[in-house]
Amino acid sequence: MKSLIKPSIGTLTAMLFLVIGIAEATASDLVFHEARVILTHEQSLHGAGYLTIRNDSGQDDRLIKASCNCASRVEIHTMTMDGDIMRMRPVSNGLEIPAGQEISLHPGGLHLMLIGMKSSPSPLIMTLIFERVGEVRVPFVQYLRAESHHS
C-alpha cells in the first residue's frame, strides 16, 4: 500500500485563497509559507500541521504556543524513530526561530499536533504565539492522507 496525499472535500475554498495570493502570510518580520494540515481520514480526531517560518528580523524569536478553534489543543511536537517505533513528544521550551533564518516543520520531524479535533473548517486558521511578535493568525490548507489499494 502506498500513502498518497490528496485534497479533502472542503479544502477548495482554502486552496482558492492560496491561488489568489495567500500562499504566504507575513506578520512583522516573520513569513509563513506552505502551511498545511494533514488528516489521516475525514473523521480524524488528530491532525498534523506543517509549515516553514522565516525570520527576516535582526532578533531571534520563539514559537511558544499554538491553538486552533477546531481542536481541543495544539502542541509543538518532535518526531523521532526508536528502531521501528515512531515517538512523538511535545517540545518543552518552544521552538526557536533564529534571526535571519528559517525553520521547517515537516513530516518525520517537528510539527504542530492538533489533538481532539472537533471540526474541520475551511479555511483552517491557527493562532501561533511568539515570544517577541505575539499572536499571529495563519491560514492552513487541509489535506486528507488516503491509502491506495493495489489489486
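Residues numbered from 1 in each chain as written. Predicted model: local features only at pLDDT ≥ 70, side-chain atom pairs only at ≥ 80, totals over all residues. Heavy atoms only, no water.

Regarding the nonpolar core
By size, the foremost hydrophobic cluster in this structure holds 29 residues, and its most contacted members are Leu-112, Leu-114, Met-126 and Leu-128. A per-element tally of this core places strand 3 (residues 30-39) first, with five residues. Not counting chain neighbours up to four residues away, the residues in contact with Leu-128 comprise Phe-32, Leu-51, Leu-63, Lys-65, Ala-66, Leu-112, Gly-134, Glu-135, Val-136 and Val-138. (Core = buried A, V, L, I, M, F, W, Y, C linked by side-chain atoms within 4.5 Å. Buried < 20%, exposed > 50% of the residue type's maximum accessible area, 1.4 Å probe, protein only. Helix = DSSP H or I, 4+ residues; strand = E, 2+ residues; numbered from the N terminus. Contact = heavy atoms within 4.5 Å.)

Focus on the environment of Gln-59
With respect to the helices and strands, the residue Gln-59 is situated in the loop between strand 4 (46-55) and strand 5 (61-68). Of the residues examined, Gln-59 reaches a relative accessible area of 47% and is grouped as partly exposed. Discounting residues that sit within four places of it in the chain, Gln-59 has contacts with Ala-99 and Arg-132.

So, the packing of aromatic side chains
Applying the stated rule across the entire model yields one aromatic pair. Taken together, a centroid distance of 5.9 Å and an interplanar angle of 45 degrees make the contact between Phe-32 and Phe-130 tilted. Of this pair, Phe-32 sits in strand 3 while Phe-130 sits in strand 11 (residues 124-130), and the two are 98 residues apart along the sequence. (Phe/Tyr/Trp six-rings, centres within 6.5 Å; stacked < 30°, edge-to-face > 60°.)

Brief notes about the pattern of salt bridges
Counted under the stated rule, the structure contains five salt bridges. Residues Asp-82 and Arg-87 are paired through a salt bridge, measuring 3.1 Å at the closest nitrogen-oxygen approach. We classify Arg-87 as partly exposed; its relative accessible area is 30%. (Salt bridge = Lys/Arg side-chain N within 4 Å of Asp/Glu carboxyl O.)

Digging into unusual backbone geometry
Notably, Glu-34 is not glycine yet its phi reads approximately 60 degrees, a positive angle. Within the element layout of this structure, Glu-34 appears in strand 3.

A closer look at the environment of Val-74
Relative to the helices and strands, Val-74 resides in strand 6 (residues 71-82). Setting aside residues no more than four positions away along its own chain, Val-74 makes contact with Ala-66, Ser-67, Cys-68, Leu-112, Met-113, Leu-114 and Met-126.

Some thoughts on the side chain of Asp-61
Of note, Asp-61 is situated in strand 5. Engagement of the side chain of Asp-61 in a polar contact is seen with the backbone nitrogen of Val-133, the distance being 3.1 Å. (Polar contact = N/O pair within 3.5 Å; in protein donor to acceptor, adjacent residues only side chain to side chain.)

Some remarks on the pairing of strand 7 (residues 85-90)
Pairing analysis gives six bridges linking strand 6 to strand 7, with the strands arranged antiparallel. Among the inter-strand pairings, Met-79 is bridged to a residue of strand 7, identified as Met-88. (Pairing = 2+ DSSP bridges.)

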